[in-house]
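Results of the structural survey
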Amino acid sequence: MPSLKGKTLIVTGASRGIGRALALGLAEAGANLVLSARNPERLSQAAEEVADKGAAVRYFAGDVASGETARRLVELAREIGGFYGFIHNACVLHAGPLVWEMPENLWREVVDTSLTGGYQLTRHALPDLLEAGDGVAVFVGSGAAEYNLPGIGAYAVAKAAEEHLARQVAAEAPHVASFAFRPGVVDTDMQQQARSASGGAAPQLHQIFGGYKEKGVLIPPERAAGYLIQVLQADPHRYSGKVYDWRKE
Ligand code: NAP
């Protein structure tokens with residue numbers, strides 16, 4: 001079983017929710033971490049928590065869609081040593097507007113965070129991983145990639161493209177385990193945003209996402225993170241070129 005001990009992973013969107021839980025869980029598993037998000041205060045707080053677990057940790061606050069952010073994250077991973085890859089978990093939802101109601105700047109933010117962010121990480125990390133002959137490129141996907149729920153169009157389109165990017169990277173770099181991970185329905189800020197969405201699809205979203213909360217189906221971020229960490233510890237290559245959805249296992 002491959003150990004994560006001494007391996008360095010970049011986790012984007014690590015300041016809260018699933019990303020923060022991933023960073024803490026990976027640190028417990030012996031990994032070192034480079035963390036990213038835009039808000040520097042929340043990010044540094046998460047980095048402190050990770051350091052308390054005994055991991056070497058660096059962080060960089062910036063938009064993951066920018067090449068400069070990805071370049072810095074990889075540079076920080078090299079500084080720690082044992083660079084093993086990335087988990088692209090950062091996302092923005094902007095739930096509520098129907099596609100034709102969506103302002104262009106919000107559309108771009110959603111698509112750029114998930115898709116362009118994944119491209120930037122790939123662009124800057126893959127040369128190192130190819131040279132090492134091993135590594136992981138994990139793209140946090142979503143079941144939304146497969147259905148058309150009104151009011152989350154930009155997000156669903158971005159996630160479908162991001163999951164395809166994972167398969168593309170697997171086809172181009174067979175020595176790197178590149179796959180999409182679907183975390184399930186998880187109790188985070190993103191769910192809260194969907195429950196309080198505004199725009200043409202708001203009533204439907206309030207009903208669906210409010211229902212998840214009321215029925216108690218949301219799982220804690222630590223549980224979602226645990227499913228991915230188990231795979232990274234066991235055999236990440238098993239899922240290369242695929243979508244790993246623990247609910248379908
Ligand atoms: P969340 O609580 O909203 O956290 C999103 C994280 O991404 C934050 O750390 C945020 O920090 C960061 N972020 C957003 N835009 C960014 C950008 N442009 N550059 C850098 N960082 C950025 O979300 P979550 O629910 O934990 O979701 C994590 C992942 O799981 C996402 O990929 C999401 O699609 C997926 N997922 C979640 C669920 C669910 O039910 N929660 C279901 C399916 C899939 P800043 O705002 O400070 O940048």
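Residues numbered from 1 in each chain as written. Predicted model: local features only at pLDDT ≥ 70, side-chain atom pairs only at ≥ 80, totals over all residues. Heavy atoms only, no water.

Another point: the packing of aromatic side chains. For any two aromatic rings, the description comes down to two numbers: the centre-to-centre distance and the angle of the planes. What the rule picks out here adds up to six aromatic pairs. Plain terms: the ring middles of Phe 86 and Phe 139 are 5.5 Å apart, the flat faces sit at 90 degrees to each other, and that makes the pair edge-to-face. Remark: Phe 139 occurs in strand β5 (residues 136-140) and Phe 86 occurs in strand β4 (residues 83-88); sequence separation between them is 53 residues. Here Tyr 227 and Trp 246 contribute two aromatic rings whose centre-to-centre distance is 4.1 Å and whose plane-to-plane angle is 10 degrees, an arrangement assigned as stacked. In this pair, Tyr 227 is assigned in helix α8 (residues 221-234) and Trp 246 in the segment after β7 (243-245), connecting sequence segments 19 residues apart. One exposure class covers both Tyr 227 and Trp 246, and it is buried. An aromatic cluster of at least three residues, connected via ring pairs, comprises Phe 179, Phe 181, Tyr 239 and Tyr 244. Sitting over the face of the ring of Tyr 84, Lys 7 holds its NZ or CZ atom 4.3 Å from the ring centroid. (Phe/Tyr/Trp six-rings, centres within 6.5 Å; stacked < 30°, edge-to-face > 60°. Helix = DSSP H or I, 4+ residues; strand = E, 2+ residues; numbered from the N terminus. Buried < 20%, exposed > 50% of the residue type's maximum accessible area, 1.4 Å probe, protein only. Lys NZ or Arg CZ within 6 Å of the ring centre and 35° of its normal.)

So, about the sheet that holds β7. Taking strand neighbours across the sheet as the criterion, the seven strands line up as β3-β2-β1-β4-β5-β6-β7 in an open arrangement whose pairing is parallel. The open sheet terminates on both sides in strands that have one partner only, identified here as β3 (57-61) and β7. Neighbour to neighbour, the strand axes of the sheet diverge by 20 degrees on average, direction disregarded. Inspection of the sheet shows β4 paired to β5 by four bridges, in the parallel sense. Within β5, the residue paired with Gly 85 across the bridge is Val 136. Running at roughly 170 degrees to β3, helix α2 (residues 40-52) makes contact with β2 (32-37) and β3 of the sheet. Across the sheet, helix α4 (residues 104-132) is in contact with β1 (8-12), β4 and β5; its angle to β4 comes to roughly 175 degrees. (Pairing = 2+ DSSP bridges. Axes fitted to C-alpha atoms, helices over the stretch in contact; angles between N-to-C directions. Contact = heavy atoms within 4.5 Å.)

Attention now goes to the site of the ligand. Around the ligand, 30 residues are found, and the nearest of them are Ser 15, Arg 38, Tyr 155, Lys 159 and Thr 188. When the free accessible area of the ligand is taken as 900 Å², the share hidden by the protein chains comes to 96%. Counting residues per element, the ones that place at least two in the shell around the ligand are α1 (17-28), α5 (153-172) and α6 (189-195). In terms of residue count, the dominant contributor to the shell around the ligand is α6 (three residues). For the shell around the ligand, the class distribution of residues is 13 nonpolar, 12 polar and five charged. (Near = heavy atom within 4 Å. Areas by Shrake-Rupley, 256 points an atom, 1.4 Å probe, with all protein chains shown as cover. Nonpolar A, V, L, I, M, F, W, Y, C, P; charged D, E, K, R; others polar.)

Here the focus is the packing of α1 against α2. The description of two packed helices rests on the angle between their axes and on the distance between the axes. One way to put it is that α1 packs onto α2 with a least axis distance of 8 Å and a crossing angle of 20 degrees. When the axes of α1 and α2 are compared, the pair comes out roughly parallel. Between α1 and α2 the crossing geometry is right-handed. Contacts between α1 and α2 involve Arg 20, Ala 23, Leu 24 and Ala 27 on the former and, on the latter, Ala 46, Glu 49 and Val 50. Within the contact of α1 with α2, the residues separate by chemical class into five nonpolar, no polar and two charged. (Parallel < 35°, antiparallel > 145°, perpendicular 65-115°, else oblique. Left-handed = near helix turned anticlockwise from the far one by under 90°.)

Let us now look at the environment of Lys 159. Tracing the sequence through the fold places Lys 159 in helix α5. In this structure, the C-alpha to C-alpha distance between Lys 159 and Leu 115, residues 44 residues apart in sequence, is 7.4 Å. What Lys 159 contacts, discounting residues up to four positions off in sequence, is Cys 91, Ser 114, Val 140, Gly 141, Ser 142 and Ala 145.

This paragraph deals with the nonpolar core. The nonpolar side chains of a soluble globular protein tend to be buried with one another. Counting residues in hydrophobic clusters, the biggest one holds 41 residues, and the most contacted among them are Leu 26, Leu 33 and Leu 35. At the level of secondary structure, the elements contributing two or more residues to this core comprise β1, α1, β2, α2, β4, β5, β6 (177-182) and α8. Once residues within four sequence positions are removed from consideration, Leu 26 is found in contact with Leu 4, Leu 9, Val 11, Ala 31, Leu 33, Ile 87, Ile 229 and Leu 232. Listed in part, the 24 residues of the second largest apolar core include Val 34, Leu 129, Val 169 and Ala 180. (Core = buried A, V, L, I, M, F, W, Y, C linked by side-chain atoms within 4.5 Å.)

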